[in-house]
Amino acid sequence: MRHHILVKWTDNAPHPDLASIRALFLQTLQIPGIHDVSLHPNVIDRPNRYDLMIVISMEKEALAAYDASEAHHRWKEAYSSCIASKAIFDCE
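Everything quoted here is computed from the prediction, not taken from an experiment. (Residues numbered from 1 in each chain as written. Predicted model: local features only at pLDDT ≥ 70, side-chain atom pairs only at ≥ 80, totals over all residues. Heavy atoms only, no water.)

Participant: Tell me about the side chain of Thr28, and name the residues and values.
Facilitator: Looking at the element boundaries, Thr28 is found in the loop between helix H1 (18-26) and strand S2 (34-41). On the accessibility criterion, Thr28 (1% relative accessible area) is buried. Ignoring sequence-local partners within four residues, the contact set of Thr28 consists of Ile34, Val37, Tyr66 and Ala71. (Helix = DSSP H or I, 4+ residues; strand = E, 2+ residues; numbered from the N terminus. Buried < 20%, exposed > 50% of the residue type's maximum accessible area, 1.4 Å probe, protein only. Contact = heavy atoms within 4.5 Å.)

Listed below in C-alpha cells is the structure:
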C-alpha cells in the first residue's frame with residue numbers, strides 16, 4: 001500500500017528543511033515491509049494548497065511498526081509545531 005502524509009505548514013514560521021525531513025523518513029526503510037519513501041513538495045503557492053506530500057510504500061502489516069518507530073516519533077516531536085494541518089491517506 002501507499003501511505004500518504006499531506007502537510008500544510010503554519011504561516012508564522014519558515015518552512016522546514018526538506019533535506020532533514022527526507023533524511024528522517026529514509027530511516028523508515030530499515031523497518032521490514034517498508035519499500036520506498038518519497039517527498040513531493042507543492043509547486044503551486046496558493047492558500048488552499050498543502051505544502052508537502054510524503055509517500056511511503058509499505059506492506060499493510062508494516063504500518064504498526066512504522067507508527068511505533070523512532071523516526072515516526074521524531075517526526076511528530078520535531079515538526080508538529082510547524083504543521084497547521086495534516087491529512088493521512090492509505091491506498092493500494
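Participant: Give a description of helix H3 (residues 70-79) that names residues and reports values.
Facilitator: If you check which residues of H3 are buried, you get Ala71, His72, Trp75 and Tyr79. Buried residues in H3, looked at end-on, bunch into an arc of 105°, giving them a common side. Exposed positions of H3 whose direction lies more than 90 degrees from the buried face are Glu70 and Glu77. In this structure, the buried residues of H3 make contact with strand S1 (2-9), H1, strand S3 (52-58), helix H2 (63-68) and strand S4 (83-91). (Arc of directions from axis to C-beta.)

Participant: Tell me about the pattern of salt bridges, and please be specific about residues and values.
Facilitator: Considering all chains together, one arrives at two salt bridges under this definition. Here Lys60 ties to Glu92 by a salt bridge, and the two come within 2.8 Å at their closest N and O atoms. Taken together, the residues Lys60 in the loop between S3 and H2 and Glu92 in the segment after S4 connect sequence positions 32 residues apart. Judged by its relative accessible area of 62%, Glu92 is exposed. Its salt-bridge partner being Arg74, residue Glu70 comes within 3.0 Å of it at the nearest N-O pair. (Salt bridge = Lys/Arg side-chain N within 4 Å of Asp/Glu carboxyl O.)

Participant: Go over the sheet that holds S3 with me, naming the residues and quoting the values.
Facilitator: Pairing in this open sheet of four strands is antiparallel, and the strands run S2-S3-S1-S4 from one edge to the other. Edge positions in the open sheet fall to S2 and S4, since each of these has one partner strand only. Recorded for the sheet is a direction-independent mean angle of 15° between the axes of neighbouring strands. Where S1 and S4 come together, eight bridges link them in antiparallel fashion. In the sheet register, Ile5 faces S4, and the bridge partner there is Ile88. H1 rests against S1, S2 and S3 of the sheet, and its axis sits at about 165° to S2. H3 rests against S1, S3 and S4 of the sheet, and its axis sits at about 10° to S1. (Pairing = 2+ DSSP bridges. Axes fitted to C-alpha atoms, helices over the stretch in contact; angles between N-to-C directions.)

Participant: Quick rundown of the side chain of His4? Include the residues and the values.
Facilitator: Position of His4 relative to the elements: it lies in strand S1. If we ignore the near neighbours within four places in the chain, the residues touching His4 are Met53, Ile54, Val55, Ala87, Ile88, Phe89, Asp90 and Cys91.

Participant: Tell me what's going on with H1, and back it up with residues and numbers.
Facilitator: Within the sequence span of H1, burial applies to Ile21, Leu24 and Phe25. One face of H1 carries all of its buried residues, which in axial projection span an arc of 95°. Among the structural elements, S1, S2, S3, H2 and H3 are those in contact with the buried residues of H1.

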